Each structure stands twice: as structure tokens, then as C-alpha cells.
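Commentary on secondary and tertiary structure
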Amino acid sequence: ERFVGDVQQVGGDPKAFTRVGASSLLIWSLDVLTALLVLEAFDPGLELATLVTVSFFAVSVGNLAKVIPLTPGGVGLYEAAFTLLVAGLTPVTTTVALGAAIVDHFLKNAVTVVGGVISMLALNVSLTTAVEETEDVDEETVEEPA
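Sequence order as written defines residue numbering, which begins from 1 separately in each chain. Per-residue local features of the predicted model are confined to residues with pLDDT of at least 70, and side-chain atom pairs are confined, for both listing and counting, to 80 or more; whole-chain, interface and lining totals are unaffected and use all residues. Only hydrogens and water are removed before side-chain values are computed, so all heavy atoms of the structure are retained for them.

Before going further, it helps to spend a moment on the overall build of the protein. We count a stretch as a helix when DSSP gives it H or I for four or more residues in a row; a strand needs E for two or more, and each element gets its number in order from the N terminus. Of the regular secondary structure elements, the protein holds six helices and zero strands. Counting helices and strands in the order they occur from the N terminus, the protein gives α-α-α-α-α-α. The globule rule is 2.2 Å times the number of residues to the power 0.38, and the radius of gyration it is compared with is taken over C-alpha atoms. A compact globule built from 146 residues should have a C-alpha radius of gyration of about 15 Å, whereas the protein, at 19 Å, is more than 25% larger. Any pair of residues with heavy atoms lying within 4.5 Å of one another is described as a contacting pair. In the protein, the share of contacts with a sequence separation of at least 24, taken over all contacts with a separation of at least 6, comes to 51%. With an accessible surface of roughly 10,300 Å², the protein has 69% of that area assigned to carbon and sulfur atoms. We get accessible surface area from the Shrake-Rupley algorithm with a probe of 1.4 Å; when it comes to residues, only the shown protein chains can shield them.

To continue, consider the packing of aromatic side chains. Here the distance between the centres and the angle between the planes together describe a pair of aromatic rings. Only Phe, Tyr and Trp rings are paired, with Trp represented by its six-membered ring, and only when their centres lie within 6.5 Å; those with planes under 30 degrees apart are stacked, over 60 edge-to-face, the remainder tilted. In this structure the tally under the stated criterion is two aromatic pairs. When the ring of Phe56 is compared with that of Phe57, the centres are 5.1 Å apart and the planes differ by 80°; the resulting orientation is edge-to-face. Only protein chains enter the accessibility calculation, which uses a 1.4 Å probe; a residue is then buried when its area is under 20% of its type maximum, exposed when over 50%, and partly exposed in between. Judged by relative accessible area, Phe56 falls into the partly exposed class, the value being 36%. Ring centres 5.9 Å apart and planes at 35° place the aromatic pair Tyr78 and Phe82 in the tilted group. Residue Tyr78 and its partner Phe82 are both found in helix H4 (residues 77-89); the two are separated by four residues, about one turn of the helix. An identical accessibility class is assigned to Tyr78 and Phe82; each is buried.

What follows concerns the packing of H4 against helix H5 (residues 94-123). Lines fitted to the C-alpha atoms define the axes, with helices restricted to the stretch that makes contact. Angles between their N-to-C directions range from 0 to 180 degrees. Where H4 meets H5, the closest approach of the two axes is 8 Å, and the angle between their N-to-C directions is 140°. Accordingly, the angle class assigned to the pair H4 and H5 is oblique. Remark: the crossing between H4 and H5 carries right-handed chirality. Residues Tyr78, Glu79, Phe82, Thr83, Val86 and Ala87 of H4 touch H5, and the partners they reach there are Thr94, Ala97, Leu98, Ala100, Ala101, Ile102, Asp104, His105 and Lys108. Throughout this entry, Asp, Glu, Lys and Arg are counted as charged residues, while Ala, Val, Leu, Ile, Met, Phe, Trp, Tyr, Cys and Pro are counted as nonpolar. The remaining residues, Gly among them, count as polar. Split into classes, the residues belonging to the contact of H4 with H5 amount to nine nonpolar, three polar and three charged. To sort the angles, those under 35 degrees are grouped as roughly parallel, those over 145 as roughly antiparallel, those from 65 to 115 as roughly perpendicular, and the leftovers as oblique. By definition, turning the near helix anticlockwise from the far helix through less than a right angle yields a left-handed crossing, and turning it clockwise yields a right-handed one.

This is the structure in C-alpha cells:
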């Protein structure tokens, strides 16, 4: 309920909506740039326009694949989608595409973990407290009649 309320609050405030939209676009751009740089480090022999395009779509498809909650953090799903797209649309070998996908996803997950820890410390948020509060909410939901 809080999440829906937060979304409504941001949607109703043009300045907040612009800030969230701009920061999302920046994060998405960094996501694609990271994939592009990692893929280029594997020297795939692609022209810049092709490299940018395939990186954009590989990240898009990889992130969409992670939405399916089959594995924690989408590990495996992201790599598979990224690899299939890159190897399927370019002359890049499956081995190179998979290597780039693994390094790309590892870097992004490492940044997420480090950023999360920094944010928790900066905002004075306790992960154990958050888990305990979630358990309390779950217990209250079970106890309340439907």
C-alpha cells in the first residue's frame, strides 16, 4: 500500500515525476554504457553504431528477463538473454557474448550491493530492522481475517 501511495505521490507532483524520470533515464544510460564498455573490452569487432544498438537491446532484454522471478537477482536469466541477443544479432560468438554478459552483470550487481550498503549507512537504515518489520507485517496479515 505504501508503494502505491508513493507512486501516486510522485505521479501527482510534476517536479518529483521529472526528477524520478531523469534519474531513471540516467541510470538506464549508465546500464547501457556499462554493457557497451564491457562488450567492447571483449573486442567483438563491431562498428560503434552496431555496438551501441546491440548493447541497448541486450540490456533491455536482459533486464526484462530478470523480471521473471526464477533466480535470485535474475542471475542466469540476464546472462542468457544478453547472450542470445548479442550472438543472435551480430557475428559475435556465443562464448564472447556470454563472457561479456557475465562480467557486465557481475559489475552491476557489485555496484548495487556496494551502493546499497552506502545508502543504508548514509540513511541510518538497518537491514535487520527492515526484515523484522516485514515479518511483523506478515504476521499481522496472517492474523487478520480476510
